[in-house]
Amino acid sequence: MTAESPKNVVVLGATGSIGTSTLDIIARHPDKFKVLAISGHRNVEKLAEIADKFKPRFVVVSDENQYKQLTHLINDDCTILAGATELNTICQLVSADLIVAGIVGSAGMQPVLASVEAGKTLLLANKEALVLAGELVMKAAKDKGATIIPLDSEHNAIYQCLPDSYQCGNTPKNLDKIILTASGGPFWKKAVSTFSQITPEQACAHPNWDMGRKISVDSATLMNKGLEIIEAHWLFNLNEKDIDVHVHPQSIVHSMVCYQDGSVLAQLGEPDMRIPIANGLGMPERITSGANMLDLLQSQDLQFFPPDYQKFPCLALAKEAIKAGGTSMAVLNAANEISVDAFLNNLIPFTSIAKINAEIMTNATVSQVENVTQLLQLDEEVRAHAREMVKKHV
Ligand code: NAD
Ligand code: MG
């Protein structure tokens, strides 16, 4: 018997939270994985540090202005590329076996599309790519025989509760519904009258998960759960009425699948992103992730509550966007990226995130999704509109 050669992994967003967790698992399994390429946007010191440790063949810095600085920091014999289009290049390398999509926001859409168009196995954390271009991504994946494995903890939990033969893009058989769990974020119990005083630091201090700043704010507004409903709609080919949300403050049950016979399957574990990432990397094997083993004897009660759509209007906006269909999900995503960024930069209060998103959704005209160029143009237009609204909400 010959030992299998290591899988070549491309880590998009290697400098971020998902990237760091991915590299942590890879470092535990040098016999199973080799880092073929990495990307980062601006943090060239961290990118160089990762290059030094993992010796990838390709390093992409997506912000071209950082190219020179990066070349000074990297001594190894690797190819350094700069600019957003080079992200697509590393996703389509013939020798790439697994692509980990860990970029935040719509900047990750084109590399995600490039990966599925090349028929690759895509380990997807970058939910905004699906919210913006789910229709195109899922169609290209089907046409080119690409495999998508969700890394977002809820979607990975659902994936683990579906049969082994299940492929994303198909509606699961004999299903009643799926239930996405939500921690409720840091403000679940906070009086809504105090929401306008919330600071970026408070919003980024998530009770259970340690994540990047954008997703932390999305978790605080519950927009994250809204984006995840849209993500589930595309990944599992379900209507919004087949996707429920339960607030589960302990973040131990990561999501559930309810079958027609009354069986409910759930995936449980410590809130550690290395668990779903290791599931995706190791598939079809189970590999060690470095996460602590869940001890239910030590856990507090597992509680579940209905979400409060009035207190967290972003959640309702996502459901409306699925119902409206077409370009409305792309509009919501672009509005939200700008409003969250403005909040993180102290330009608007926390409460204006939902207000700006809602106003933009109300005024948007919905069209059919046709192609990437159309989506990129729409994304730019909505961003420009949202920036104008930010000025009014200061
Ligand atoms: P992060 O902010 O920690 O990292 C983002 C990465 O994207 C960095 O490597 C950064 O350099 C890169 N990046 C930023 N802007 C870019 C641009 N314009 N072009 C190219 N690259 C760019 O974010 P994160 O928390 O790791 O989240 C990454 C994605 O995974 C998000 O879509 C998030 O919703 C999703 N996700 C994250 C977690 C988590 O626990 N962190 C859990 C589930 C899903
Ligand atoms: Mg999630």
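Since the model is a prediction, treat every value here as computed from it, not as a measurement.

The rules we used
- Residues numbered from 1 in each chain as written.
- Chains lettered and ligands numbered in written order.
- Predicted model: local features only at pLDDT ≥ 70, side-chain atom pairs only at ≥ 80, totals over all residues.
- Heavy atoms only, no water.
- Donors = N, O, S within 2.8 Å, 3.2 Å for Na, K, Ca; no water.
- Buried < 20%, exposed > 50% of the residue type's maximum accessible area, 1.4 Å probe, protein only.
- Pairing = 2+ DSSP bridges.
- Helix = DSSP H or I, 4+ residues; strand = E, 2+ residues; numbered from the N terminus.
- Axes fitted to C-alpha atoms, helices over the stretch in contact; angles between N-to-C directions.
- Near = heavy atom within 4 Å.
- Polar contact = N/O pair within 3.5 Å; in protein donor to acceptor, adjacent residues only side chain to side chain.
- Nonpolar A, V, L, I, M, F, W, Y, C, P; charged D, E, K, R; others polar.
- Domains from an automatic or database assignment.

How would you explain the coordination of the magnesium ion (ligand 2) if you had to name every residue and give the values?
At this site the magnesium ion (ligand 2) is bound by Asp152 (OD), Glu154 (OE) and Glu228 (OE), with donor distances of 2.1 to 2.2 Å. Along the chain, the residues that donate to the magnesium ion (ligand 2) are spaced as D-x1-E-x73-E. Residue classification places glutamate 154 among the buried positions, given a relative accessible area of 8%.

Outline the sheet that holds strand S11 (residues 264-268), listing residues and values.
Sheet strands associate in pairs through backbone hydrogen bonding, adopting either a parallel or an antiparallel arrangement. The four strands lie next to each other as S9-S8-S10-S11, forming an open sheet whose pairing is mixed. The sheet is open, and its two edges are formed by strand S9 (243-247) and S11, each paired on a single side. Ignoring strand direction, the axes of neighbouring strands in this sheet form an average angle of 20 degrees. With five bridges connecting them, strand S8 (residues 175-182) and strand S10 (residues 253-259) associate as antiparallel partners.

Quick rundown of the site of ligand 1? Include the residues and the values.
In the vicinity of ligand 1 lie 22 residues, with Thr15, Ser17, Ile18, Glu128 and Gly212 positioned nearest. Within the backbone of isoleucine 18, an N or O atom sits 2.9 Å from an oxygen atom of ligand 1. A distance of 3.4 Å separates an oxygen atom of ligand 1 from a polar atom in the backbone of valine 104. Listed by contribution, the elements that provide at least two residues to the shell around ligand 1 are helix H1 (17-28) and helix H6 (127-144). Class assignment for the residues of the shell around ligand 1 results in nine nonpolar, ten polar and three charged. When residues of the shell around ligand 1 are sorted by domain, at least three fall in each of domain 1 (7-151) and domain 2 (175-388).

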